[in-house]
Amino acid sequence: MKLGAMQDWPLRVTSLVDHAEQEHGAREIVSAWGDGSITRTNWRAAAAQARRMAKGLDRVATLAMNHAHHLTSWYGAIGMGGVLHTINPRLFADQLAYIANHAEDRVLFYDKAFAQLVEQLKPEWKTIEHYVCFDNGEFAEWLSAEDDDYRWVEADERDSIGLCYTSGTTGNPKGVLYEHRSTMLHALMEVTPDVFDLSARAVVLPIVPMFHANAWGVPWAAPLVGCKLVLSADYRPQQMCDLFHSEGVTHSAGVPTIWLGMIDYIEQTGIDLGSLGNVTIGGSAAPRAMIDWFRKRGVKVGHAWGMTETSPIGTCGAPPAGWDEMTDGEQLDYIARQGRVPFGMQLRIVDDEGQELPRDGMTSGRLQARGPWVVKRYFKEASEAANADNWFDTGDVAALHPDGTMQITDRAKDVIKSGGEWISSIELENCAVGVPGVAEAAAIGIAHPKWDERPLLLVVRSAGSDVSEQAIRDHLSCHIAKWWQPDAIEFVDDLPHTATGKLSKKTLREQFKDYRLPTAVDMVGRG
Ligand code: ADP
């Protein structure tokens with residue numbers, strides 16, 4: 001009498017689109033294309049298209065921005081038992097050549113906008129046999145060769161469905177191989193009130209590319225609740241704001257850089273956010289000032305942390321019990337931390353020897369994660385990415401607070417090591433962007449003869465601002481320890497970003513490798 005007597009129902013993602021087709025068939029999927037045109041389909045038509053597509057497929061890769069054809073190709077490729085590889089077109093050409101060969105892709109669906117890149121890489125891609133352009137009529141023609149009389153392949157819920165490569169700041173990119181079950185559990189988690197808070201009434205516009213950790217899982221979560229999905233190939237603030245209004249967007253998600261541009265645009269034009277009531281900010285730390293800006297406009301901010309290896313949601317911030325009794329400042333501090341784990345996810349911090357550290361909100365350590373949507377092993381790698389107890393080292397440094405929130409203090413490779421102690425580059429940056437007139441800031445460690453490393457703060461002023469070094473220092477001195485004050489502050493026109501829109505500390509360290517801090521020069525001067 002070991003097994004129970006309930007029905008067998010493998011957690012396969014094709015049941016998501018089946019559900020949306022059956023229960024929310026008329027709910028729209030809107031695509032805003034790169035050329036400014038808008039097309040509409042719905043869950044019923046998308047499911048039928050995906051079945052047509054599934055009739056003629058193999059291992060599929062996509063090189064595309066967000067639109068309904070791209071979505072259809074996901075369900076089609078997976079529905080026929082294939083593995084979908086979403087390629088990030090912003091990677092370097094040699095990385096693009098490497099990953100498509102490594103993944104052994106056979107069919108590539110791509111956007112016209114990337115045609116030149118495709119032509120350039122064709123000779124390098126050894127396994128791709130078919131190239132189909134999404135938006136020049138080829139895709140429609142290709143689909144018309146089949147009908148939608150098709151049943152999804154039925155098999156194990158642990159089968160692989162998708163491959164996503166991490167940018168690989170060192171060495172070759174590494175592939176994370178998602179499965180039906182991990183993706184389904186992630187989608188079930190994501191729709192809950194304390195995470196993305198999605199429901200049949202929601203209209204969601206993810207401002208995250210579908211090649212970046214599956215647009216944070218939104219294309220899986222949307223059919224689960226049957227919400228209206230708005231996809232856009234173009235992330236310019238004006239386009240986003242137009243869509244907020246024309247489509248009645250209620251929920252959106254994106255990295256801080258996206259919201260910075262949007263806030264600037266809104267401040268300049270005086271336009272409002274329409275029905276937008278819920279914004280998820282993640283991928284990099286959401287600055288306190290940004291959270292406050294949204295709150296003042298009645299928008300609920302969820303601050304999410306995660307990575308490709310965690311599908312990607314690891315934590316999300318949402319009001320806890322006792323929220324109404326908290327002061328404004330306490331509420332802001334709470335959301336400025338990276339949130340709590342949803343059911344299914346576990347976190348701990350450890351020291352360099354792997355010893356678990358206290359959850360006291362003061363001790364920082366290497367952040368480890370485990371759960372059903374956390375990577376176990378990278379694609380085609382022999383060794384495990386997680387240890388014997390399934391703990392995966394995220395490469396982040398964090399503190400765990402007694403109230404359950406996690407606070408990223410840095411990436412292990414970005415912390416500034418000064419006199420044997422750690423200075424959090426993220427905290428310096430967050431603090432600096434709290435100064436009016438500072439648009440963006442980056443802190444990096446510069447070699448120092450006495451302290452090993454000391455912080456250099458690079459600041460981009462907002463348009464028209466002449467904020468001074470002194471104003472920044474005055475603000476910092478109210479919020480950080482004295483020994484955290486940067487040894488130098490430099491004003492720059494812009495800062496480099498990675499393929500996923502984050503500050504590229506690697507590029508900055510390279511740019512400033514010969515930089516001499518005035519404090520270091522003093523020491524040399526003094527002999
Ligand atoms: P990569 O940036 O290497 O391509 P990911 O896109 O998967 O990889 O990024 C994951 C990393 O982004 C995390 O390990 C963490 O350092 C950073 N990150 C994600 N969300 C947040 C957040 N809310 N606050 C601070 N850092 C974050």
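Residues numbered from 1 in each chain as written. Predicted model: local features only at pLDDT ≥ 70, side-chain atom pairs only at ≥ 80, totals over all residues. Heavy atoms only, no water.

It is worth spelling out the pattern of salt bridges at this point. On inspection of all chains with the given rule, the structure shows 31 salt bridges. Between Arg12 and Asp159 there is a salt bridge, with its nearest N and O atoms 3.3 Å apart. Placement of Arg12 in the segment before helix H1 (14–23) and of Asp159 in the loop between helix H6 (138–144) and strand E7 (160–165) is noted, with a sequence separation of 147 residues between them. For Arg151, the salt bridge goes to Glu154, with nearest N and O atoms at 3.1 Å. (Salt bridge = Lys/Arg side-chain N within 4 Å of Asp/Glu carboxyl O. Helix = DSSP H or I, 4+ residues; strand = E, 2+ residues; numbered from the N terminus.)

Turning our eyes to something else, we now look at the sheet that holds strand E15 (residues 346–350). Overall, antiparallel pairing links the four strands, which are arranged E15-E16-E17-E18 in an open sheet. Both outer strands of the open sheet, E15 and strand E18 (406–411), are each paired with one neighbouring strand and no more. Strand-to-strand twist across the sheet, computed as the mean angle between neighbouring axes with direction ignored, equals 50°. For strand E17 (residues 392–400) and E18, the ladder comprises five bridges, and the chain directions are antiparallel. The residue of E18 that forms the bridge with Leu400 is Met406. (Pairing = 2+ DSSP bridges. Axes fitted to C-alpha atoms, helices over the stretch in contact; angles between N-to-C directions.)

The domain boundaries assigned to the protein chain delineate domain 1 (14–336) and domain 2 (416–511). For domain 1 versus domain 2, the distance between C-alpha centres works out to 32 Å. Taken together, the contacts link 14 residues of domain 1 with 12 residues of domain 2. Summed over both partners, the interface of domain 1 with domain 2 buries about 1,100 Å², with 55% contributed by carbon and sulfur atoms. Here domain 1 and domain 2 share zero salt bridges between them. The interface formed by domain 1 and domain 2 includes one residue pair in polar contact (both at pLDDT 80 or more). (Domains from an automatic or database assignment. Contact = heavy atoms within 4.5 Å. Buried area = accessible area lost by both parts, 1.4 Å probe. Polar contact = N/O pair within 3.5 Å; in protein donor to acceptor, adjacent residues only side chain to side chain.)

Within the fold, Glu429 resides in helix H14 (residues 425–432). On the basis of relative accessibility, which here comes to 9%, the residue Glu429 falls in the buried class. Ignoring anything within four residues of it in the chain, the contact list for Glu429 reads Ala441, Ala442, Ala443, Leu503 and Lys505. (Buried < 20%, exposed > 50% of the residue type's maximum accessible area, 1.4 Å probe, protein only.)

Further remarks concern the pairing of strand E21 (residues 438–448). Of all 11 residues in E21, eight are buried; the element is thus mostly enclosed. Pairing between E21 and strand E22 (residues 452–461): 10 bridges, direction antiparallel. Counterpart to Glu440 in the pairing with E22 is Val460. Between the antiparallel neighbours E21 and E22 lie three residues.

Restricting attention to buried positions, one finds in helix H13 (residues 328–336) the residues Gln331, Leu332, Tyr334 and Ile335. Projected down its long axis, H13 shows its buried positions confined to an angular sector of 160°, all on one face. Buried residues belonging to H13 abut helix H12 (288–296) and strand E13 (300–306). (Arc of directions from axis to C-beta.)

So, on to the nonpolar core. If you look at the biggest cluster of nonpolar residues, it comprises 141 residues, and the most contacted ones within it are Phe244, Trp259 and Phe294. Once residues lying within four places of it in the same chain are set aside, the contact partners of Phe244 are Leu205, Ile207, Val249, Ser252, Trp259, Met262, Leu273 and Leu276. With 18 residues, the next largest nonpolar core counts Cys431, Ala432, Val438 and Leu457 among its residues. (Core = buried A, V, L, I, M, F, W, Y, C linked by side-chain atoms within 4.5 Å.)

A word on the packing of aromatic side chains. Under the counting rule described, the total for this entry stands at 13 aromatic pairs. Here Phe109 and Phe139 contribute two aromatic rings whose centre-to-centre distance is 5.7 Å and whose plane-to-plane angle is 85°, an arrangement assigned as edge-to-face. Of this pair, Phe109 sits in strand E5 (residues 107–110) while Phe139 is found in helix H6, placing the two residues 30 residues apart along the sequence. The two residues Phe109 and Phe139 agree in class, both being buried. (Phe/Tyr/Trp six-rings, centres within 6.5 Å; stacked < 30°, edge-to-face > 60°.)

Moving on, we come to the environment of Phe244. Structurally, Phe244 can be placed in helix H10 (residues 237–247). Owing to a relative accessible area of 1%, Phe244 belongs among the buried residues under this scheme. Sequence separation of Phe244 and Val204 is 40 residues, and the distance between their C-alpha atoms is 9.4 Å.

What follows concerns the sheet that holds strand E12 (residues 278–282). Each strand in a sheet pairs with another by means of backbone hydrogen bonds, the pair being arranged parallel or else antiparallel. Read across the sheet, eight strands follow the order E2-E1-E10-E9-E11-E12-E13-E14 without closing on themselves; strand pairing throughout is mixed. Two strands close off the open sheet at either side, each with one partner strand: strand E2 (38–42) and strand E14 (313–316). The average angle at which neighbouring strand axes cross in this sheet is 20°, direction not considered. Against the sheet, H10 engages strand E1 (28–32), E2, strand E9 (203–206), strand E10 (228–232) and strand E11 (251–254), with an angle of about 155° to E10.

With respect to the helices and strands, the residue Arg454 is situated in strand E22. Here Asp487 takes part through its side chain, which lies 2.9 Å from a polar atom of the side chain of Arg454. With sequence-adjacent residues up to four places away left out, Arg454 is seen in contact with Ile416, Ser418, Ile423, Ile444, Gly445, Ile446, His448, Trp483, Gln485, Asp487 and Leu517.

Attention shifts here to the site of the ligand. In the vicinity of the ligand lie 17 residues, with Ser167, Ala304, Thr308, Asp396 and Lys502 positioned nearest. One of the side-chain N or O atoms of His212 is found 2.9 Å from an oxygen atom in the ligand. One of the backbone nitrogen or oxygen atoms of Ala285 is found 3.1 Å away from a nitrogen atom of the ligand. The fraction of the free accessible surface of the ligand (570 Å²) that becomes covered by protein chains is 93%. Breaking the shell around the ligand down by element, the ones donating at least two residues are E13 and E18. In terms of residues, the shell around the ligand owes the most to one element, E13, which gives four residues. (Near = heavy atom within 4 Å. Areas by Shrake-Rupley, 256 points an atom, 1.4 Å probe, with all protein chains shown as cover.)

Next up on the list: the environment of Val153. Inspection of the secondary structure assignment puts Val153 in the loop between H6 and E7. When residues no more than four places from it in sequence are discounted, the contact partners of Val153 are Arg12, Gly79, Met80 and Gly81.

This part takes up H1. Thr14, Ser15, Leu16, Val17, Ala20 and Glu21 are the residues of H1 that are buried. As for H1, its buried residues are in contact with helix H2 (43–54), helix H3 (68–79), helix H7 (180–190) and helix H9 (218–225).

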